[in-house]
Amino acid sequence: MIAAFSLTPSGGDAVDDDGGMSEAVAAAVRVVHESGLPHQTTAMFTYVEGDWDAVMDVIKRATDAVGELAPRVGLVIKADIRPGHTDELTGKVDRVMRHLS
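Residues numbered from 1 in each chain as written. Predicted model: local features only at pLDDT ≥ 70, side-chain atom pairs only at ≥ 80, totals over all residues. Heavy atoms only, no water.

Here the focus is unusual backbone geometry. Backbone geometry at Asp87 places phi at a positive 60°, although glycine is not the residue there. With respect to the helices, strands and loops of the structure, Asp87 is situated in the loop between β4 (72-80) and α3 (88-100). (Helix = DSSP H or I, 4+ residues; strand = E, 2+ residues; numbered from the N terminus.)

Let us now look at the nonpolar core. With 17 residues, the main nonpolar core has Ala3, Phe5, Leu7, Val48, Val55 and Ala62 as its most contacted residues. Contributing elements (two or more residues each) for this core: β1 (2-10), α1 (22-35) and α2 (52-67). When sequence neighbours within four positions are dropped, the list of residues in contact with Val48 reads Met1, Ile2, Ala3, Phe5, Val32, Leu37, Pro38, His39 and Val55. (Core = buried A, V, L, I, M, F, W, Y, C linked by side-chain atoms within 4.5 Å. Buried < 20%, exposed > 50% of the residue type's maximum accessible area, 1.4 Å probe, protein only. Contact = heavy atoms within 4.5 Å.)

Okay, the side chain of Glu88 next. If you trace the backbone, Glu88 turns up in helix α3. Judged by its relative accessible area of 10%, Glu88 is buried.

Taken across its nine residues, β1 has seven buried, putting it largely inside the fold. When β1 meets strand β3 (residues 46-49), the two strands line up antiparallel, connected through four bridges. The partner of Phe5 across the bridge, within β3, is Thr46. Strand direction decides the pairing type here: β1 and β4, joined by nine bridges, are antiparallel. Looking at the pairing, Ile2 lines up with Asp80 of β4. (Pairing = 2+ DSSP bridges.)

Interpretation in functional terms is not warranted from these geometric data alone.
Next comes the structure, spelled out in structure tokens:
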């Protein structure tokens, strides 16, 4: 499965001096990086690929990491569940790009 998730910290120490939330978001992305699962981080979402239990565990731990800096955390998850398929984080994009060339 591939899950795209976005965490939004609110309040507490989560807000940077410029009004951003990069420190809290970095705490979540650190969890994803350390998971060893294939992943990508963009300006709006982090994508992680693996089996259901591994992906959901990473999302929970990333949410908990943000929760250590913020008293409230919003979470959005979108998942593509396709049993038997791996390397789809790049494979899906590669197939689209072939149509564009």
